[in-house]
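For reference, the chains in residue letters:
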Amino acid sequence: MSRKTTTLMRARDRDRRHLLRGAVAAAGSALLTGCDRLSGNDSFVEVLKSAQYVSRAAQKVLAPRPALAQEFAQSDVAPVFRSNGTLDPQDADYQALRGAGFASYRLTVGGLVEKPADYTLDQLRALPARTQITRHDCVEGWSCIGKWKGVPLKLLLEQVKPLPQAKFVLFRCFDSMDGPTLDGSDSRYYESIDLDDANHAQTILAYDLNDRPLPVSNGAPLRCRVERQLGYKQAKYVRGIELIESFDAIRGGKGGYWEDEGYEWYGGI
């Protein structure tokens, strides 16, 4: 791919993101006009609670579900893929797995499925894989291009057979975000996506980065790649996957660790 072509593609991608943000901002302004007057109205409060879906709806208009995120050339890959967030989980179960080279690692897939299953890393590597060179966009404002290889999440879902009531895929991770707590509460990272994104061609469970096993600082032994969303949706250190109908009763009820802290549930780009 020529430098001129790459520059044009990036400019077009920026324009699409600006248009999306403008649509979301306009929708948000319309919703919040007169909010002081309407804040006591239960129906209006419910509308505001569902506002997280506005950006998802706008995204689907501009980029329908099967649309692919931009992929790049090998020459675009960063020599070192930037690490962020948790770099080395100190949780005892993770440290034990790491110390043994993840030999006893098992990915559990369950919840609202007909056939719950678990997979070793060798079993995951033996399944059909997808390799993609994509750009990771962080909510903090930086980007980095990496080459990922992993098993399409869609393939695992086909094997476990989600039940009709399943609407979301929940990722449970190894890394505790707030350290040990006196009350035993769970602060391990978690994330969720809907079935549209779960079945997207570029949504993979990556075990390799830049032609090498995934480094610990980037989420070893397994991380999710949801290429049309921001970095905080790319769950690292994945230990289990659950098919669920709703995340209302899970932790803060917003669908993810950072969402419980105020981030948007749908982090589309």
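Data block above holds the structure.
Student: Hey, could you run me through the sheet that holds strand S6 (residues 188-194) in this one?
Tutor: Sheets are built from strands that pair by backbone hydrogen bonding, the pairs being arranged parallel or antiparallel. Sheet architecture is open: five strands sit in the order S2-S1-S10-S5-S6, paired in mixed fashion. For this open sheet the edge positions go to strand S2 (117-119) and S6, each flanked by a neighbour on one side alone. Ignoring strand direction, the axes of neighbouring strands in this sheet form an average angle of 20 degrees. Note that strand S1 (residues 107-111) and strand S10 (residues 238-244) share four bridges and pair parallel. Bridge pairing links Gly 111 to Leu 243 in S10. The strands touched by helix H7 (residues 153-160) within the sheet are S1, S2, strand S5 (168-176), S6 and S10, with S2 carrying the most contacts at an inclination of about 140 degrees.

Student: Just checking my understanding: could you explain the packing of aromatic side chains for this structure?
Tutor: Aromatic ring pairs are defined here through the distance separating the ring centres and the angle between the ring planes. Scanning all chains against the criterion turns up 13 aromatic pairs. Between Tyr 232 and Tyr 263, the ring centres sit 4.9 Å apart and the planes meet at 90 degrees, which makes this aromatic pair edge-to-face. Taken as a pair, Tyr 232 in the loop between strand S9 (223-225) and S10 and Tyr 263 in the segment after helix H9 (257-260) lie far apart in primary sequence, 31 residues in all.

Student: What's the story with the environment of Lys 149 in this structure? I'm lost.
Tutor: Among the structural elements, Lys 149 can be located in strand S4 (residues 143-152). For Lys 149 and Arg 225, which are 76 residues apart along the polypeptide, the C-alpha to C-alpha distance reads 9.7 Å. Excluding residues within four positions of it along the chain, Lys 149 makes contact with Ala 129, Arg 130, Thr 131, Ile 204, Leu 205, Ala 206, Tyr 207 and Asp 208.

Student: Is there a simple way to think about the nonpolar core in this case?
Tutor: Nonpolar side chains in soluble globular proteins generally cluster together in the buried interior. Of all hydrophobic cores here, the largest spans 58 residues; its most connected members are Leu 107, Leu 124, Leu 153, Val 169, Phe 171, Leu 205 and Ile 241. Top contributing element to this core by residue count: S5, with six residues.

What counts and what doesn't
- Residues numbered from 1 in each chain as written.
- Predicted model: local features only at pLDDT ≥ 70, side-chain atom pairs only at ≥ 80, totals over all residues.
- Heavy atoms only, no water.
- Pairing = 2+ DSSP bridges.
- Helix = DSSP H or I, 4+ residues; strand = E, 2+ residues; numbered from the N terminus.
- Axes fitted to C-alpha atoms, helices over the stretch in contact; angles between N-to-C directions.
- Contact = heavy atoms within 4.5 Å.
- Phe/Tyr/Trp six-rings, centres within 6.5 Å; stacked < 30°, edge-to-face > 60°.
- Core = buried A, V, L, I, M, F, W, Y, C linked by side-chain atoms within 4.5 Å.
- Buried < 20%, exposed > 50% of the residue type's maximum accessible area, 1.4 Å probe, protein only.

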